[in-house]
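The residues making up each chain are set out below.
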Amino acid sequence: MTLSPELLLTVATERLRVARPDLADQSVRSAKDSVKDSVKDSLKEEARAEGVAAVAVVRDVRLPSWVRETCAFALSLTPERSDAWRRSLTRTLYLAGRPDNLRERFAFTHVAADGTAAWAGPDPDRTTTGLRRLLRTFRGHRLLTAWHPVTVELPCPQGDMEREPVHRDLYLATAHLTLADALVHLGHLLAESVIDGTLGPGDGLTLRSVPHLTTLATPYAALRVDTDHLRPDRLRAYAALTQET
Amino acid sequence: MTPRVLLAPVTVTPAKPLTPSHLKGLLWTDVMYRATAAIADVTYRYSPTTYHLTEQTLGFWEFLDRTQGDLPYDALSEEEIGDLYVLFRKDAPAPAGALRPYALEAERNGWVHPASARVLELWTRHYSQLGLHDPGLTTHQPPGLGFEEMVEQLVGLGMGLDHRSGGGPVYLDATRYGLPLRQITTPDGHPNYLACALRELLPLAAEHDEVVLLYDPELAPDYTLLQRVLAELGPRVHRVPVGRVPIDGEIRSARHGGWHDHTAGALLRTLEADPDVRRLGVRLYFVAALGAGQAQSFRADLLRKSLERAVRLLRRADGVRPGVDAVRQELGRHRRDHTHVDPYRLTCSLLARAGRTPDHDLLTTVYL
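Scoring rules and cut-offs
- Residues numbered from 1 in each chain as written.
- Chains lettered and ligands numbered in written order.
- Predicted model: local features only at pLDDT ≥ 70, side-chain atom pairs only at ≥ 80, totals over all residues.
- Heavy atoms only, no water.
- Axes fitted to C-alpha atoms, helices over the stretch in contact; angles between N-to-C directions.
- Helix = DSSP H or I, 4+ residues; strand = E, 2+ residues; numbered from the N terminus.
- Parallel < 35°, antiparallel > 145°, perpendicular 65-115°, else oblique.
- Left-handed = near helix turned anticlockwise from the far one by under 90°.
- Contact = heavy atoms within 4.5 Å.
- Nonpolar A, V, L, I, M, F, W, Y, C, P; charged D, E, K, R; others polar.
- Phe/Tyr/Trp six-rings, centres within 6.5 Å; stacked < 30°, edge-to-face > 60°.
- Buried < 20%, exposed > 50% of the residue type's maximum accessible area, 1.4 Å probe, protein only.
- Pairing = 2+ DSSP bridges.
- Domains from an automatic or database assignment.
- Buried area = accessible area lost by both parts, 1.4 Å probe.
- Salt bridge = Lys/Arg side-chain N within 4 Å of Asp/Glu carboxyl O.
- Patch = residues over 30% accessible without salt bridge, like charges linked within 9 Å, V, L, I, M, F, W, Y side chains within 5 Å.
- Areas by Shrake-Rupley, 256 points an atom, 1.4 Å probe, with all protein chains shown as cover.
- Lys, Arg positive; Asp, Glu negative; His and termini not counted.
- Charge placed at Lys NZ, Arg CZ, Asp CG, Glu CD.
- Polar contact = N/O pair within 3.5 Å; in protein donor to acceptor, adjacent residues only side chain to side chain.
- Right-handed = clockwise from strand over helix to strand, strands pointing away.
- Expected span 1.5 Å × (residues − 1).

It is worth spelling out the packing of helix 3 (residues 55-67) of chain B against helix 5 (residues 96-109) of chain B at this point. Residues and elements named next belong to chain B. The interhelical angle for the contact between helix 3 and helix 5, taken along N-to-C directions, is 110°, at an axis separation of 9 Å. When the axes of helix 3 and helix 5 are compared, the pair comes out roughly perpendicular. The element helix 3 and its partner helix 5 pack so that their crossing is right-handed. Every residue of helix 5 that contacts helix 3 at E55, L58, G59, W61, E62 and D65 is listed here: A98, L99, Y102, A103 and A106. Taken together, the residues of the contact of helix 3 with helix 5 sort by class into seven nonpolar, one polar and three charged.

Quick look at the structure:
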């Protein structure tokens, strides 16, 4: 299927409608008039003022491990916390830090088994002030390059499975994409897919790179659409989760 | 066994004249070094080589070559070179790639730009006139660790975070002690002065029982971090802040200029005294009269008074030679709970002992 500009706009506005049905109607109409992100920004601002954010502490990024642990974090949340986070558009702050140096001072919601990352919250910003003051924004300016497809299996705590595991492909559009931006796009796509049940415990994901996402051989189950940073008057599909394969 | 003490003062970039603030730091360190050396095994580490690799030094060298061409650096004064440094600080920073040839030359071949070589040569003369121990201003003293080795050791200690593979910087991470993450490189891998200090001090700290860091109070957060890292390697680490000397109530960085009437060279020209009087007098002023704080502005009249006191002290001490053991005993009184001697307490004791006879052996050991 082709990911046309119209489709991208529909996906972007639908995401806002799902997250904030109380705010989105007017914004969606405006967004359809103008793709520019001012409307989205204003919505994000409203979400931020009353919302919550997760804090991801990043020590080391290996994408397969990062994908698995991001899902593990989202899977560990209670429905109430998931709902609140979704309403805040799964806002996440990415900070450079070593979880092993922070565990005595801060309560993390999830720590990667290999210690390469940890997640706190999602909580109101004031709850994570101490952590944010101690650390610095994650900076990863390296541009991504192609990799061989690699499959990861999402964690499956015993008795936690509501359905049989399935397999999907996860595409990331790597052209002009920095590592730091990749974390943001993957983070939103994966978290929101876990929250709405598209991804579940034990699912398999094959992580694939592609320069641009313009067509998909398998229909998508979820798309990450955001302003194209090279052409801010357009939208771009940064990542896609396919239907079961 | 004699305790091993490492004195590691912050160094001055050889790109400008020494100011009263620099002189104060150097004189404090010198008194501490010479007093402590009488009772302990002391390493005084002051290596310009280590810090040539900082952006401000390499950037200055690149700026000179790009904008000035061939200048007769051998004939320039430190004030003239300092004027060029002020111009450099007003200029837009050069791209990192332009500094790389300079970094490689300095790192691999111990190369020093003739402007900085000239400044260091002039400083050695000031040191001589002030009776300062020269810790190797013009000697090639590379740090014990290469940059990669330093990062590896830092990460191994649990206090390093290396994000270069993702296009990020290297951080010093003492967050387990509640200290904020501190970047020590630019994303393209260029080290800042803290990275240079770590290359030098990590291997040295492990070889000493006590480390004393003398620094400008404005650098306190970085020196608190250094203290934490070095203490991981075993020694007791002390921080000794030595405040700057305001000029007319204002603390200014040398990079902004405005120091012409107050350079070390200008001051020395006004101190046409006997060498012993000059050496003791400047220490009485910069160590005892000004103290560790930075509340008092520089006052030439008080400096002259300190020289007059030095004349009287030397006269009274003339011929009083109680010997090495007595000197050691006296120095030991000014150590508190550490091995190194407190320069302020020791120097004040010279002034406070109006009723007692000053000891010429002590003056010779520490001050002259």
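This structure, assessed with the given rule, holds 16 aromatic pairs over all chains. Note on B:F60 and B:Y85: the rings are 5.2 Å apart at their centroids and 90° apart in plane angle, and the pair reads as edge-to-face. With B:F60 in helix 3 and B:Y85 in helix 4 (residues 78-90), the pair connects residues that are 25 residues apart, well separated along the chain. For the pair shown, B:F60 and B:Y85 are each scored as buried. Among the aromatic residues, ring-to-ring pairing joins A:W66, A:F73, A:W85, A:Y94 and A:W119 into one connected group.

Below, the discussion takes up the environment of A:E104. The residue A:E104 is located in the loop between helix 6 (99-102) and strand 3 (110-111) in this model. Along the chain, A:E104 and A:T90 lie 14 residues apart, while their C-alpha atoms are 26 Å from each other.

Time to look at the pairing of strand 1 (residues 4-9) of chain B. Residue and element names in this part refer to chain B. Along strand 1, five of the six residues are buried, which leaves the element largely enclosed by surrounding structure. With four bridges joining them, strand 1 and strand 2 (residues 41-44) adopt parallel strand pairing. Pairing of L7 across the sheet is with Y44, part of strand 2. With five bridges connecting them, strand 1 and strand 6 (residues 210-215) associate as parallel partners. By the bridge assignment, L7 is partnered in strand 6 with V212.

So, on to the domain arrangement of chain B. All names here are of chain B. According to the domain assignment, chain B contains domain 1 (4-241) and domain 2 (270-366). If you average the C-alpha positions of domain 1 and of domain 2, the two centres end up 29 Å apart. Counting from both sides, the interface comprises 27 residues of domain 1 and, opposite them, 26 residues of domain 2. Here domain 1 packs against domain 2, burying approximately 2300 Å² in sum over the two surfaces, 64% of which is carbon and sulfur. When residues of domain 1 are sorted by the area they lose upon contact with domain 2, W28, V31 and I39 head the list and together hold 27% of the total. Seen at the junction of domain 1 and domain 2, the total is one salt bridge. The salt bridge partner of R283 is D30, with a shortest N-O separation of 2.9 Å.

With that settled, consider a positive patch on the surface. Residue and element names in this part refer to chain B. A contiguous patch of positive charge on the surface is contributed by R309, R312, R315 and R316. Within the secondary structure, R312 is located in helix 12 (residues 300-317). Taking relative accessible area as the criterion, R312 reaches 44% and is therefore assigned partly exposed.

So, about the interface of chain B and chain A. With 22 residues of chain B in contact, the opposing surface of chain A contributes 20 residues. Interface area for chain B against chain A, summed over the two sides, is near 1600 Å², with a carbon-plus-sulfur share of 49%. Three residues stand out in chain B for area buried against chain A, namely B:H163, B:T175 and B:L181, and they jointly supply 29% of the buried area on that side. At the junction of chain B with chain A, the criterion picks out 16 residue pairs in polar contact (both at pLDDT 80 or more). Per-class residue counts for the side of chain B that touches chain A are ten nonpolar, ten polar and two charged.

All names here are of chain B. Across the sheet, which stays open at both edges, the four strands sit in the order 2-1-6-7 with parallel pairing between neighbours. Among the strands making up the open sheet, the edge pair consists of strand 2 and strand 7 (236-241). Averaged over all pairs of adjacent strands, the angle between their axes in this sheet comes to 20°, without regard to strand direction. Lying over the sheet, helix 8 (residues 193-205) contacts strand 1 and strand 6, oriented at roughly 170° with respect to strand 1. Seen against the sheet, helix 9 (residues 220-231) touches strand 6 and strand 7 and runs at an angle of roughly 165° to strand 7.

Further remarks concern the pairing of strand 7 of chain B. Residue and element names in this part refer to chain B. Taken together, the six bridges between strand 6 and strand 7 define a ladder with parallel strand orientation. Across the sheet, the residue bridging to L214 is V240, located in strand 7. The parallel pair strand 6 and strand 7, bridged by helix 9, forms a crossover whose chirality is right-handed.

Residues and elements named next belong to chain A. Look at helix 4 (residues 63-75): 18 Å from first C-alpha to last across 13 residues, which is about the 18 Å you get at 1.5 Å a residue. Counting buried residues in helix 4 gives ten out of 13 residues, a clear majority hidden from the surface. Along helix 4, the residues that are buried comprise L63, S65, W66, V67, E69, T70, C71, A72, F73 and A74.

To continue, consider the pattern of salt bridges. Residues and elements named next belong to chain A. Tallied over the full model, the rule gives 33 salt bridges over all chains. Of the charged contacts, one joins R91 and D125 as a salt bridge, the two residues approaching to 3.0 Å between their closest N and O atoms. With a gap of 34 residues between them, R91 in the loop between helix 5 (79-87) and strand 2 (92-96) and D125 in the loop between strand 4 (117-123) and helix 7 (129-134) connect regions that are remote in the sequence. For R91, a relative accessible area of 13% puts it in the buried group. Among the charged side chains, a salt-bridge network with shared partners connects R15, R86 and E192.

Further remarks concern the side chain of B:R244. Residues and elements named next belong to chain B. Note on placement: R244 falls in the loop between strand 7 and helix 10 (264-270). In this structure R244 comes out as buried when scored by relative accessible area, which is 19%. In contact with R244, not counting residues within four places along its chain, are S21, K24, D216, E218, I251, R252, S253, G293 and Q294.

Now for the environment of B:R345. Residue and element names in this part refer to chain B. Its location among the elements puts R345 in helix 14 (residues 343-352). Along the chain, R345 and L331 lie 14 residues apart, while their C-alpha atoms are 9.9 Å from each other. Among all residues touching R345, those that are not within four sequence positions of it are R333, H334 and R336.

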